Every structure is written in structure tokens, then in C-alpha cells.
Protein chains: 2
Amino acid sequence: MEPRPAAPGPCPGDSRVAEAAAAASPLHPAEARVEPGRRAPSVAAVLPAGGSGERMGVPTPKQFCPILERPLISYTLQALERVCWIKDIVVAVTGENMEAMKGIIQKYKHQRISLVEAGVTRHRSIFNGLRALAEDQPNSKLSKPEVVIIHDAVRPFVEEDVLFKVVTAAKEYGAAGAVRPLVSTVISPSADGHLDHSLERARHRASEMPQAFLFDVIYEAYQQCSDYDLEFGTECLQLALKYGHVNAKLVEGSPDLWKVTYKRDLYAAESIIKERISQHICIIMDTKEDENHVGHHLEEILKNELNHVEVTSGALCPAGRDLKQIILEQCYNYVCVNVMSSDFEETQRLLNMLEESNLSILYPVVVISVYFLDYKSVHFDQKVENLMQIREYAKEVRKRNILLCGLLIYYPQDEQKLQASLREGATIITTLIKERNSGLVGQLLIA
Amino acid sequence: MEPRPAAPGPCPGDSRVAEAAAAASPLHPAEARVEPGRRAPSVAAVLPAGGSGERMGVPTPKQFCPILERPLISYTLQALERVCWIKDIVVAVTGENMEAMKGIIQKYKHQRISLVEAGVTRHRSIFNGLRALAEDQPNSKLSKPEVVIIHDAVRPFVEEDVLFKVVTAAKEYGAAGAVRPLVSTVISPSADGHLDHSLERARHRASEMPQAFLFDVIYEAYQQCSDYDLEFGTECLQLALKYGHVNAKLVEGSPDLWKVTYKRDLYAAESIIKERISQHICIIMDTKEDENHVGHHLEEILKNELNHVEVTSGALCPAGRDLKQIILEQCYNYVCVNVMSSDFEETQRLLNMLEESNLSILYPVVVISVYFLDYKSVHFDQKVENLMQIREYAKEVRKRNILLCGLLIYYPQDEQKLQASLREGATIITTLIKERNSGLVGQLLIA
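Here the residue numbers are simple positions, counted from 1 along each chain's written sequence. Chain letters start at A and ligand numbers start at 1, both assigned in the order the entries are written. Only residues with pLDDT of at least 70 are given local features in this predicted model, and only at 80 or more are side-chain atom pairs given and counted; all residues enter the totals for whole chains, interfaces and linings. The side-chain figures draw on all heavy atoms in the structure; neither hydrogens nor water molecules are used.

Identification of chain A as D-ribitol-5-phosphate cytidylyltransferase from Mustela putorius furo is taken from an unreviewed UniProt entry. Under Sequence similarities (unreviewed entry), UniProt gives the following word-for-word description of chain A: "Belongs to the IspD/TarI cytidylyltransferase family. IspD subfamily." UniProt positions are given in the numbering used here, feature names are shortened, and annotations may be inferred rather than shown by experiment. Regarding chain A, the relevant UniProt record gives this comment under Subunit (unreviewed entry): "Homodimer."

Structure representation (C-alpha cells):
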């Protein structure tokens, strides 16, 4: 196998979570590490993002539709920029979306992005992107790459692995593209709208993205191709074949490569993203030596009920497992078990740490502040009224994309009843993390 | 245009919401009414449901995966059985799923369903379904239809309109099928995995479902076709062409016809269903002549914020708009504004009416019991403790698929503050209806 072009994993220069460089992100497991050996090609990417999204049935072009309040294209940029060996990412956007795109890059701290103006068709947008990378452009700060990746702004789930495969194949064969099996049979209609013939499903593939090309192959193809190609063409691999006489290598891609096309795809993308950032829950407990603390029972129940989810615990005090490390590993879910007499001291300290990190720039972080209520030691109403202050805290941290809720778990003497209320508490925690809906922040839920 | 085979709209015999027969369901608007004229063909449907769902990556076959706790196939059956002119629906399921399927039919009160054993391939399952409809089966209670619809168990969003179109075209041409534009370019690979050629996207179509056939055409095709066809074929239209020499009429379908194939499609289907049943909110208010009641302000805010959602109001007393009619129109969202001195009287009456109807058999019904709290007239803590009883009511009605929550809206004298808390209340109501998550039932939320 070819050596990777350069080190995979989060880039050292990522200012959002700087120290995370050493750790592979749990959202994007880097499957292999650098292998020494052959010279790595220089790689850039071009992302046409000038589409109007007419199939979506919504006025906003689909690449700018929000998922968890962040535009779809930002997720795609995130997927590309975390691959260190892609040195430049050229995005083609229409003039009217140029300022919005600059705002997105600034807000989400995207890096290595250059913007060019989109053309009226997809092929023209790609051509503009390639021109910006070509050396014959006098004012360009960009340098010509050996290999160029072409990807879609609306395929946010592209993994480093498939990018690596198409780049490697492009270096060897001149062009390469990801393909998938067909979901439906493809048929050819006659002029009067009847079936002429159907294609054998197993002998055809759907051409997906990413694709990669030796820069000179695809740039020359675009320079030679006709206006008809630029207006009505849809397939870069076809241009490389027609004008560069290169039969692209086809790479089998994963189902994740699908293209956000219809409104239902936005729903699916949101659910997938929510699911991915819910795979790790950290329970914050400063319970010191008290191994029998009820917080540990809650942890056990969460571990049992969510057996596909990593449940870890951390502590705010220096003696415990380093919470900072957990934040760096991009855990987006915190259950803060309050054991001190003061109601908000621990939650407040956790919130401060989260705000100091830049964790919530990309995804909303859920914090659930848990209180156990022993009916014998405190009057219920007094406690509730006291805890209602959580509304004010929640309003404040909401501005920084942290979703805070309170959870009061009934703590009776009866062991069976306690188990029931702990299970109910675990269900509420699971629901809040899974839904990640800002409409319920500041609520005090009761289990 | 051809006359409809028979009256569209909910079937008179639907025991779930019997009186709804006269009203078109808001989920499935019937676009046209019966036209007198030509003889309508007799129509049956065959639904192959023997698939293993290997592409889904989950152990449960996809047609049995739950959406809002109900199996996907039940949604597809619901879509077919509401079309009165389909007289029989034959479902092919594997032996091991036969009992589960019988349970689904009973639990959700599906009608006009016959079960047959699935074959090892899709084509063999369809053949088994057709055999059951053929007149040459001595023990069959079914009679041979003039036209047969073939549909997929995993395409739950099929509308009456497209069913009507394929049936009409099948009667005229012998065969017809729904098609959609291609989302990706289709390519043909060479034997060594390189691009051989790509197909012009505009000259091809994806073949979707439903399809319809003159029964004799498709049944004879299946009787004549080879074992190879039955094992490896995927396209019924192709069999009609090859053995019946019928060039099927192609009917352009809507994007809704897509096939639930991957896990992301289940997410999308759930979101679409949740969105569809959230389009109508009924506010229950027995405010009599008090037009200035704060409940009306809440109604106005909901109307303004949810301008795509129908917000109506009803009353429990006979003088108001008939709540029964709203239930019959299949409204799945109720906001019950409590104005009486007793905290739960009105909510209890609403819950009783909902339980008497069979509304919650198919979808979870959300009920939000709203209380306005005037700090001057009642002590906060006392009120909260009183309202916590809602947990017990919620637990009880949860068993009947009703999701009950409480919402306490702060009611200060200050007009501006009141507007703010009403807006917050509207946000919480919207969130609860949109998420429809059973994990939060019985909670008392505070705006």
C-alpha cells in the first residue's frame, strides 16, 4: 500500500482544540499512521458550492442549510481540513453568498480555505477552482498541486480513508473516483415515455464523490472541453476520459458518501451528527473516596443501558482523571453530579472549563447538572426553588452553545425505589443528550 | 383522465376512527373525488417483505424496524389500506416472521391483508403473492384482480395519486411503473475496475415503486420466466417486457417514493413522520366569554411562530367547537389550558376523550397541560408540589401511547415579562411536539 501523503489526524495548527493534535478524534478515527517511504504528492481540494438546491424544496441552497444551527458546508470543510495533507481547499461560491461564506469561515475558524467565484454550472465552478490553483495565475497565493481532489459541499461525511484511496489511485492512474452499488434499477425510457430497456444493476455503479486527478490531466481536460460539456456535463471522470484518455480507477466507497439532495437528507444528516456526538458521556463526580456514592450507581446504570456509548468519569479536582484530557478528546456530553453543599459550585466550575476550551464552537455541548434529593434532610419545595436558579445559568451559557439542564433524582431510603428513580434519571439523561434541543435548556427535570 | 377505480379517502370500514370516513385525512389529502363513467378495474396489491435488510447494518430486517415504536411495514400497509379501491393486500413474509407479522396486523388493526410465505428472492416472493391471487388456487379466499399493484414494504410514503396513475396506465398499456430522475451519474466499470463509460444522466431514470400490471400479463411472465430470472432479477417491468412483450408506461413519481435502504433512511423516515403529525395543534380552552384570557395570547404566539402549522382551538364543553371532530380529523397534538380551580379536571376530561377514540393506535399523541401561575394569588412551591401529580397521570396514559407533560407559564403583572414567558412557553410546546419523545413524559416544565 502507498504511504499516506502526510500524517493523518487533527492538524497541529487547529486553534479550536490545539492540544488534541496527538489524539485521533473519536468522530474521525484515523485508521492508519504515517508510513515512511515514497514521496507524498502535494494535494489540494476543490469544492463546488454554487448550487441553488432546487431539489430540496427550500429557499436556502442546501449547502447553507443549518444542522444543529451550523451550515452544512461547514461540516464538509471540517471533514477536509482535519486531513493535514490537503494543503489548500478552494471553495467556489456565488457572488451573493460570498460574504456569508466568509462569515462561516470566521465563525467556525476554518483553515486553509480560499474562495473563488462560482460559475453558472457545476463544471464551470470546478474550472474556476482549478484555475485558481494553476500556476499561470499571476496574483494567486496558491501553488499548483500534483493531485487535486474534487468533492461536493453537500457530502459532509467523507472520511480520510477514502480521500487517501482516491488520491493514491489518481497518482498512479491519472484519475480516480468513489463509486457505490445502485439502489434502484436504472432504465432507459423511449421517446414516448415507455420502457425501452433496463440496465443490469450488478454491471453498473453510481458515481459518487470524492474524485481525484493528476492536476495536469483534469486542468487540461477542462481547458479543452466544449461549452456543451461545461453547460450540461455532470461527470468529471468523463472529461478525463474524453479529453485526457484516462480511464479512471474506481474505488468502492462507504454508504456515508451519500449526497444531501432532498429535505429528508438534511433530517438524516442531523440524526447522524447527533448520534456521532452522543457516543461519549463523561460523568463528573468529586466523590473522593466514597465508592458507594449514589453517583456511581447512576454511572453503572448508564453503562448498562447505553452499551454502545462510552461512559467515563472525571473529576474537577486535580486528583481525579484529567477532565481537560476528556474535553480535548472531544466529548460533547457531561453529567455533573453535585455532591457539595453549595448547589452550583461544581456545575459552575465545569461550565468555566468548557467555556475556556473552544469545544462548543463546532457542536452544542450538553451539560446535565444532577442533584440527588434525600427527602429526610431537606424540604422538597425549598430545594426546588433554590435549583430554579439553573435557568439563569442556562441562559448565560446558551450564548456559547452549551445546553444546560438540571436533573433532580429522587433519593429514597428504599433500595428498589432508588433503582427505579435512577433508571428514570438515566432515561432523561439519554433523551436530553440524544435530542440536543435548545428548547429545553434551563429546565429542572425530575426523576 | 380516467375515473378513479373507486372512492378515494379513508375507508368507511376503518374501525380505528370510524366516523372520519367523510373527511379526508390531513396526512393523505385525497386530491380528487369519484368521477362517474368507465368501469373501474378490480385492483389488488402484492407487497414482498421477505428481505433481510443486510444493507441496513442492523440485525432486524428493515421493514420491521420501529419508527415511533411502530414497525416500518405498518406505515406502508396504512398507506395502501386507506385507498379503498385496493380490495386485497397480499404480503409475503418469511416463515420466521409470520407470527410477528400477524401481531402487527392485529395490534394496528390493519385490514384486507392476506399473508403468504416469502421466497428466497424478491421475485420469488412476488410470484408467491401473485399465485395466491390467481384463480387456479383451490383454497384461496382471494379472487383474481384485473390489475395488480406491486409495491415495496419499505416505501411507506406512497400516495394515492401515484397508485392511481400506475393502475390507470397499467390498464391501458399492460404495465406501468414510477420513475425518478437519477441523483448520481451511472457508470459502467471495466472488468479491472476502471471507468469504461458513463451514462448520460438525463437519458436514464431510476426505476422506483409502485408498479402495476394487468394481472394476466405479469402472472404469465412469472410463470414463463427462468430460474435465473427468479434468482438474480430485480425488475418486474423487465419481466413484462421480456415475456409479455409489454413496454411499460413510465410515470414520474415524487421524491416521497424513496426506498428505506440504509440506517440514515430510517432517521429520515422518522423525521418526516414526526413533521407530518406535527402540522396541526389544537388548543383546548374553556374560557367561555373571556376573550382576553391569557390562553388566547398563547394561541396567537403559537400561530405567529408556527406559520406553517394549523393552530385551532376547541372546547370541552358542548358550546365550543366540537373537539370530537378535531380528533376525527386526526390531530395528534393538544395543548390543554387549565382555567378551572381544580388542577386536573380539564386535562382529565381531554385524556378520557382521547382514550375513548382510537387516535393513539397509530401515532403517539402529545398532550401538554398548561397552567398559568399568578404569583400574587398562589404560593409557588405549593402549586408546584400539587402539579407534580401529573407524573402519575402521565405514567397511566403512556401505556395507551399518549405523551403527557405539564407546562407552568409564569404570569406576571408586567405585560412585557408576560410576553417573554409566553414566547418561552410556545418554544417548549413546539419542542415537545416536534421531538415527541417518551423520555420526558410526566415532566413539569417551566416557562
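The structure having been displayed, the exposition proceeds.
Peer 1: Explain the overall build of chain A residue by residue, including any values.
Peer 2: Going along the chain from the N terminus, every DSSP run of H or I of four or more residues is numbered as a helix, and every run of E of two or more is numbered as a strand. Assigned secondary structure in chain A consists of 14 helices and 17 strands. Each of the 447 residues in chain A was classed as buried or not, and the buried ones make up 60%. The contact criterion used is simple: two residues touch if any of their non-hydrogen atoms lie within 4.5 Å. Look at the contacts in chain A between residues 6 or more apart in sequence, and 76% of them connect residues 24 or more apart. For accessible areas, the Shrake-Rupley method is used with a probe of radius 1.4 Å. Any residue's cover is judged against the shown protein chains and nothing else. Roughly 18200 Å² of accessible area belongs to chain A as shown, and the carbon and sulfur atoms make up 49% of that amount. The buried label applies to any residue whose accessible area, calculated with a 1.4 Å probe on protein chains only, is under 20% of its type's maximum; exposed applies above 50%, and partly exposed to all values in between.

Peer 1: Tell me about the relation of the copies chain A and chain B, residues and numbers included.
Peer 2: The two copies are related by a screw motion: chain A maps onto chain B through a turn of 180° and a shift of 0.0 Å along the axis, at an RMSD of 0.0 Å. In the structure described here, the two chain copies are related by an operation that fits a two-fold rotation axis. Alignment of the copies relies on least squares applied to C-alpha atoms, considering only residues that score at least 70 for pLDDT in both.

Peer 1: Could you give an account of the interface of chain A and chain B, naming the residues involved and the relevant values?
Peer 2: If you look at the interface, chain A gives 69 residues, while chain B gives 70 residues. Between chain A and chain B the total buried area reaches about 6200 Å² when both faces are included, carbon and sulfur atoms providing 53% of it. Any Lys or Arg side-chain nitrogen located within 4 Å of an Asp or Glu carboxyl oxygen qualifies as a salt bridge. Residue Lys 263 of chain A is joined to Glu 275 of chain B by a salt bridge in which the shortest nitrogen-to-oxygen separation is 3.2 Å. When residues in the side of chain A that touches chain B are grouped by element, the largest group, 8 residues, is from helix H8 (residues 263–276) of chain A. For this classification, the nonpolar set comprises Ala, Val, Leu, Ile, Met, Phe, Trp, Tyr, Cys and Pro, the charged set comprises Asp, Glu, Lys and Arg, and every other residue, Gly included, is treated as polar. For the side of chain A that touches chain B, the residue count by class is 29 nonpolar, 18 polar and 22 charged. Here a strand pair is declared whenever DSSP counts at least two bridges between the two strands. Sheet topology places strand S10 (residues 205–214) of chain A next to strand S8 (residues 185–189) of chain B; 3 bridges connect them, and they run antiparallel. Bridged to Ala 206 of chain A within S8 of chain B is Val 186 of chain B. Simply put, the buried area is the total loss of 1.4 Å probe accessible area from both parts when two parts are fitted together.

Peer 1: Describe in detail the sheet that holds strand S12 (residues 280–285) of chain A, supporting the description with residues and values.
Peer 2: Residue and element names in this part refer to chain A. Taken together, the 6 strands give an open sheet; going across it, the order is S13-S12-S14-S15-S16-S17, and neighbouring strands pair in parallel fashion. Looking along the sheet, the strands with just one partner apiece sit at the ends: strand S13 (310–314) and strand S17 (444–446). Direction aside, neighbouring strands of the sheet carry axes that sit 25° apart on average. With 9 bridges connecting them, strand S15 (residues 365–373) and strand S16 (residues 402–410) associate as parallel partners. The residue of S16 that forms the bridge with Tyr 371 is Leu 408. Helix axes are fitted only over the stretch in contact, all axes being lines through C-alpha atoms; the angle between N-to-C directions runs from 0 to 180 degrees. The strands that helix H13 (residues 390–398) touches are S15 and S16; relative to S16, the one it contacts most, it runs at about 155°.

Peer 1: Mind laying out the packing of aromatic side chains, listing which residues take part and the relevant values?
Peer 2: Classification of ring pairs uses Phe, Tyr and Trp, with its six-membered ring standing for Trp, and accepts pairs whose centres are within 6.5 Å; under 30 degrees between planes counts as stacked, over 60 as edge-to-face, and the remaining range as tilted. The full count for this structure, using the stated rule, is 22 aromatic pairs over all chains. Measuring from centroid to centroid gives 6.1 Å for Tyr 75 of chain A and Tyr 363 of chain A, while their planes differ by 55°, and the two rings are tilted. Of this pair, Tyr 75 of chain A sits in helix H1 (residues 72–81) while Tyr 363 of chain A sits in the loop between helix H11 (345–356) and S15; the two residues are 288 residues apart in sequence, bridging distant segments of the chain. Here the two residues Tyr 75 of chain A and Tyr 363 of chain A agree in accessibility, since each one is buried. A centroid spacing of 5.4 Å and a plane angle of 10° characterise the contact between Phe 157 of chain B and Trp 258 of chain B, whose relative ring orientation is stacked.

Peer 1: An account of the pairing of strand S12 (residues 280–285) of chain B is needed here, citing residue identities and associated values.
Peer 2: Residue and element names in this part refer to chain B. Among the 6 residues that make up S12, 6 are buried, leaving the element largely enclosed by the rest of the structure. Neither face of S12 is open: one carries His 280, Cys 282 and Ile 284, the other Ile 281, Ile 283 and Met 285, and all of them are buried. In this structure, S12 lies alongside strand S13 (residues 310–314), joined through 5 bridges in parallel fashion. Residue Cys 282 lies in a different strand from S13, and its bridge partner there is Thr 312.

Peer 1: How would you summarise the sheet that holds strand S16 (residues 402–410) of chain B if you had to cite specific residues and measurements?
Peer 2: Residues and elements named next belong to chain B. If you trace the 6 strands from one edge of the open sheet to the other, you get S13-S12-S14-S15-S16-S17, paired in parallel fashion. Strand pairing shows two members of the sheet lacking a second neighbour, S13 and strand S17 (444–446), which therefore form its edges. In this sheet, neighbouring strand axes are inclined to one another by 25° on average, regardless of whether the strands run parallel or antiparallel.

Peer 1: How would you explain the packing of helix H9 (residues 294–305) of chain A against helix H14 (residues 415–435) of chain A if you had to name every residue and give the values?
Peer 2: Residue and element names in this part refer to chain A. Remark: H9 packs on H14, axes separated minimally by 9 Å, with the N-to-C direction vectors making an angle of 60°. In this view, H9 runs oblique relative to H14, as classed from their interaxial angle. Relative to H14, the crossing made by H9 is right-handed. Contacts between H9 and H14 involve Val 294, His 297, Leu 298, Ile 301, Leu 302 and Glu 305 on the former and, on the latter, Leu 418, Gln 419, Leu 422, Arg 423, Ala 426, Thr 427, Ile 429 and Thr 430. Across the contact of H9 with H14, the residue classes break down as 8 nonpolar, 4 polar and 2 charged. Any angle that is under 35 degrees is reported as roughly parallel, and any over 145 degrees as roughly antiparallel; angles of 65 to 115 degrees are reported as roughly perpendicular and all others as oblique. By convention the crossing between two helices is left-handed if the near helix lies anticlockwise of the far one by an angle smaller than a right angle, and right-handed if it lies clockwise.

Peer 1: Outline the environment of Leu 350 of chain B, listing residues and values.
Peer 2: Here Leu 350 of chain B shows up in helix H11 (residues 345–356). Residues in contact with Leu 350 of chain B, not counting those within four places in the same chain, are Ile 284, Leu 316, Leu 323, Tyr 334, Cys 336 and Val 367 of chain B.

Peer 1: How would you summarise the pattern of salt bridges if you had to cite specific residues and measurements?
Peer 2: Evaluated as defined, the whole model comprises 40 salt bridges over all chains. Between Lys 399 of chain A and Glu 396 of chain A there is a salt bridge, with its nearest N and O atoms 3.2 Å apart. A relative accessible area of 62% means that Lys 399 of chain A is categorised as exposed. Among the ionic pairs, Glu 270 of chain B bridges to Lys 274 of chain B, the shortest N-O distance being 3.3 Å. Taken together, the positions of Glu 270 of chain B and Lys 274 of chain B, both in helix H8 (residues 263–276) and 4 residues apart, correspond to about one turn of that helix. According to the relative accessible area criterion, Glu 270 of chain B is partly exposed, its value standing at 24%. Taken together, the shared-partner salt bridges connect Arg 122, Asp 152, Arg 155 and Glu 208 of chain A into one network.

Peer 1: Please give an account of the nonpolar core that cites residues and values.
Peer 2: Core analysis: the biggest nonpolar cluster contains 234 residues, and Ile 86 and Tyr 334 of chain A together with Ile 86 and Tyr 334 of chain B have the highest contact counts within it. Leave out the neighbours within four places in its chain, and Ile 86 of chain A touches Val 43, Ala 44, Ala 45, Leu 80, Arg 112, Ile 149 and Leu 163 of chain A. To qualify as a nonpolar core, a set must consist of buried Ala, Val, Leu, Ile, Met, Phe, Trp, Tyr and Cys residues joined through side-chain atoms within 4.5 Å.

Peer 1: Kindly report on helix H4 (residues 160–173) of chain B, identifying the contributing residues and their values.
Peer 2: Residues and elements named next belong to chain B. With 14 residues, H4 extends 20 Å between its outermost C-alpha atoms, agreeing within 8% with the 20 Å of an ideal straight helix rising 1.5 Å per residue. Taken as a whole, H4 has its buried residues at Glu 160, Val 162, Leu 163, Phe 164, Val 166, Val 167, Thr 168, Ala 169 and Ala 170. Gly 174 occupies a position one or two residues after H4 and carries a positive phi of about 100°. One less than the number of residues in a helix, times 1.5 Å, gives the span that helix is expected to have.

Peer 1: Run through the pairing of strand S4 (residues 86–93) of chain A, naming residues and quoting values.
Peer 2: Along a regular strand, successive side chains alternate from one face of the sheet to the other. Residues and elements named next belong to chain A. Of all 8 residues that make up S4, 7 are buried, and the element is covered over most of its length. When strand S1 (residues 43–48) meets S4, the two strands line up parallel, connected through 6 bridges. Paired with Pro 48 across the strands is Ala 92, a residue of S4. The pairing of S4 with strand S5 (residues 113–117) spans 5 bridges and is parallel. Directly across from Val 90, in S5, lies its bridge partner Ser 114. Note on handedness: a clockwise path from strand one over the helix to strand two, with the strands aimed away from the viewer, defines a right-handed crossover. Handedness of the crossover joining S4 and S5 through helix H2 (residues 98–107) is recorded here as right-handed.

Peer 1: Tell me what's going on with the confidence of the model for chain A, and back it up with residues and numbers.
Peer 2: Close inspection of predicted coordinates is inappropriate for parts of the model with low pLDDT. Summing up the model confidence of chain A, the mean pLDDT is 87 and the portion of residues at 70 or higher is 85%. pLDDT runs from 0 to 100 and stands for how confident the predictor is about each residue. A low-confidence stretch, residues 18–36 of chain A stays under pLDDT 50, and its non-local contacts, those more than four residues away or across chains, total 34 contacts.

Peer 1: How would you explain the packing of helix H3 (residues 122–133) of chain B against helix H5 (residues 215–224) of chain B if you had to name every residue and give the values?
Peer 2: Residue and element names in this part refer to chain B. Where H3 contacts H5, the axes come no closer than 10 Å and their chain directions differ by 125°. Regarding the angle of H3 to H5, the classification is oblique. Between H3 and H5 lies a crossing of left-handed hand. Of the residues in H5, those touching H3 at His 123, Ile 126, Phe 127, Leu 130, Arg 131 and Leu 133 are Phe 215, Ile 218, Tyr 219, Tyr 222 and Gln 223. Its residues placed into classes, the contact of H3 with H5 shows 8 nonpolar, 2 polar and 1 charged.

Peer 1: I'd like a description of the environment of Leu 195 of chain B, backed by residues and values.
Peer 2: Tracing the sequence through the fold places Leu 195 of chain B in strand S9 (residues 195–198). Setting aside anything within four residues of it in sequence, one finds Leu 195 of chain B in contact with Leu 237, Gln 238, Leu 241, Asn 247, Ala 248 and Leu 250 of chain A together with Ile 187 and Ser 188 of chain B.

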